[in-house]
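Coordinates in review
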Amino acid sequence: METLNNEVTAQQKITETVGKFIGLIGKRLPDDVGKRLVELEKEEVAPLSKVVYQSMMDNQDKAMKLNRPSCQDTGVIQFFIKCGANFPFIGDLEEALTESVLEATKNAPLRHNSVETFDEYNTGKNIGKGTPSIFWDIVPNSDKLELDVYMAGGGCTLPGKSMVLMPSAGYEGITKFVLDVMTEYGINACPPLLVGVGVATSVETAAILSKKALMRPIGSHNPNERAASMEKLLEDGINSIGLGPQGLSGKKSVMGVHIENSARHPSTIGVAVNTGCWSHRRGHIIFDKNLNYEITSHTGVTL
Ligand code: SF4
């Protein structure tokens, strides 16, 4: 364990900073989500839709004023790491992040959402076998650490689905798959939704891409023109279902649709969907090699 100065180890510093960041994420939506909700509220004309959006804004104000999580379901914490191969504290990271969840569970506080499968007991700590979930990407020639922190709530996780299509299903097959999931389960996830779609070879490669798609800022597009055009078509298609805020009907069902893709085996189309709810609580933080941090998802925050 490396020491930053005489008193604080690097592991303690990461634990403390990320623990506070998780607490903030539970109370304050990232800037892009907050902005999109305001835009969507303006587009609705039905009084009920407007009231629902206003109650969401009110909920967020009260969460900050009362210093409480904005939704009772603070989810399972998931970390998506892009760690520079030269980041000096790489070996401390898993333990530091796990401890940060424990700190946030006590201090934020977070609901206890880690149930040991097969033994069927709640650990009461948000820590268990494989939780928090930590997904690693190692970045060559970098000494930085980039973290996406996500609260995976039950309702917004529920519509998640992945399957492998025959290649003849084509892009029409992908569209049918996504729209079937949205019409069957979209309403469970507290719309308006952020919809992540992964297109790859197999269930697991598509699934991880569909979740990473939810980490992208709202308003961003897939760099491939055709994929970006499909994002727009899917967005229009899901909006036409008319879920509206909290599923109580309205003009818009989604905050956006993001597609992430990889090359694929010629004989398969792996496709997956993941959803984020209106309370899409994620945060993005970057540490340098001295553990100075920059938060890009929430402006004006010092932890
Ligand atoms: S779907 Fe989102 S807003 Fe709805 S209960 Fe779950 S975490 Fe909360």
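What you see is a predicted model, and the numbers here were worked out from it, not measured in a lab.

1. Re the overall build of the chain
Helices and strands together make up the secondary structure of the chain, namely eight helices and 11 strands. In summary, the chain has a C-alpha radius of gyration of 20 Å against a globular reference of 19 Å for 303 residues, a match within 12%. Expressed as lengths along the three principal axes of its C-alpha atoms, the size of the chain is roughly 60 × 50 × 40 Å. Per-residue burial for the chain yields a buried fraction of 50% across its 303 residues. Taking contacts inside the chain between residues at least 6 apart in sequence as the whole, the part at least 24 apart equals 77%. Total accessible area on the chain is roughly 14,400 Å²; 55% of this is exposed by carbon and sulfur atoms.

2. A word on the side chain of R36
Within the secondary structure layout, R36 lies in helix 2 (residues 31-43). Non-local contacts of R36, meaning those with residues more than four positions away in its chain, are made with E43, I218, E235, V254 and M255.

3. Things to note about the sheet that holds strand 11 (residues 293-295)
Strands sit in the order 4-1-5-10-11 across an open sheet of five strands; the sheet is mixed. Here the strands that pair on one side only, and so sit at the sheet edges, are strand 4 (133-139) and strand 11. Taking the axes of each pair of neighbouring strands and ignoring which way they run, one obtains an average angle of 20° across the sheet. Here strand 1 (residues 76-84) runs beside strand 4; their pairing, made up of seven bridges, is parallel. Across the sheet, I81 pairs through a bridge with W136, a residue of strand 4.

4. Structural notes on the packing of helix 1 (residues 10-27) against helix 4 (residues 93-107)
Packed helix pairs are specified by the crossing angle of their axes together with the interaxial distance, meaning the distance between the axes. One can describe the packing of helix 1 onto helix 4 by two numbers: an axis separation of 8 Å at closest approach and a directional angle of 45°. Between helix 1 and helix 4, the interaxial angle falls into the category oblique. Crossing of helix 1 against helix 4: the hand is right-handed. Here helix 1 contributes Q11, I14, T15, V18, G19 and I22 to the contact with helix 4, which in turn contributes L93, E95, A96, L97, E99, S100, V101, E103 and A104. Looking at the contact of helix 1 with helix 4 residue by residue, the classes come out as eight nonpolar, four polar and three charged.

5. Focus: the environment of G300
The topology assignment puts G300 in the segment after strand 11. By relative accessible area, which is 81% here, G300 ends up exposed. For the pair G300 and K251, spaced 49 residues apart in sequence, the C-alpha to C-alpha distance is 33 Å.

6. A word on the domain arrangement of the chain
You'll often see interface size given as the accessible area lost when the parts meet. Annotation of the chain at the domain level lists domain 1 (10-27 + 70-153 + 281-295) and domain 2 (155-276). Relative placement of domain 1 and domain 2: their C-alpha centres are 25 Å apart. Counting residues at the interface gives 10 residues for domain 1 and 14 residues for domain 2. Overall, the association of domain 1 and domain 2 removes approximately 880 Å² of surface from exposure, summing both partners, and the carbon and sulfur fraction of that is 55%. The largest contributions to the domain 1 side of the interface with domain 2 come from F80, Y150 and R282, which together make up 57% of the buried area. The tally of links between domain 1 and domain 2 comes to one salt bridge.

7. Things to note about the layout of surface pockets
What the largest pocket holds in volume is close to 400 Å³. If you go around the largest pocket, you meet 21 residues; those closest to its centre are D148, M215, R216, P217 and H284. Every element with two or more residues in the lining of the largest pocket is listed here: helix 2, strand 1, strand 4, strand 5 (145-152) and strand 10 (282-287). A breakdown of the residues in the lining of the largest pocket according to their chemical character gives seven nonpolar, four polar and 10 charged. Viewed by domain, the lining of the largest pocket spans two of them, domain 1 (10-27 + 70-153 + 281-295) and domain 2 (155-276), each represented by three or more residues. The volume enclosed by the second largest pocket comes to roughly 250 Å³.

8. A look at the site of the ligand
The local shell around the ligand consists of C71, Q72, D73, G155, C156, A189, C190, C277, W278, S279 and R281. Along the lines of polarity and charge, the residues of the shell around the ligand split into six nonpolar, three polar and two charged. Mapped onto the domain boundaries, the shell around the ligand takes at least three residues apiece from domain 1 (10-27 + 70-153 + 281-295) and domain 2 (155-276).

Conventions and cut-offs
Residues numbered from 1 in each chain as written. Predicted model: local features only at pLDDT ≥ 70, side-chain atom pairs only at ≥ 80, totals over all residues. Heavy atoms only, no water. Helix = DSSP H or I, 4+ residues; strand = E, 2+ residues; numbered from the N terminus. Rg over C-alpha atoms; globule rule 2.2 N^0.38 Å. Buried < 20%, exposed > 50% of the residue type's maximum accessible area, 1.4 Å probe, protein only. Contact = heavy atoms within 4.5 Å. Areas by Shrake-Rupley, 256 points an atom, 1.4 Å probe, with all protein chains shown as cover. Pairing = 2+ DSSP bridges. Axes fitted to C-alpha atoms, helices over the stretch in contact; angles between N-to-C directions. Parallel < 35°, antiparallel > 145°, perpendicular 65-115°, else oblique. Left-handed = near helix turned anticlockwise from the far one by under 90°. Nonpolar A, V, L, I, M, F, W, Y, C, P; charged D, E, K, R; others polar. Domains from an automatic or database assignment. Buried area = accessible area lost by both parts, 1.4 Å probe. Salt bridge = Lys/Arg side-chain N within 4 Å of Asp/Glu carboxyl O. 1 Å grid on protein atoms, 1.4 Å probe; cavity = no way out; pocket = protein on both sides within 12 Å on 5 of 7 lines; lining within 4 Å. Points joined across faces, edges and corners; volume = space filled by probe spheres on them. Near = heavy atom within 4 Å.

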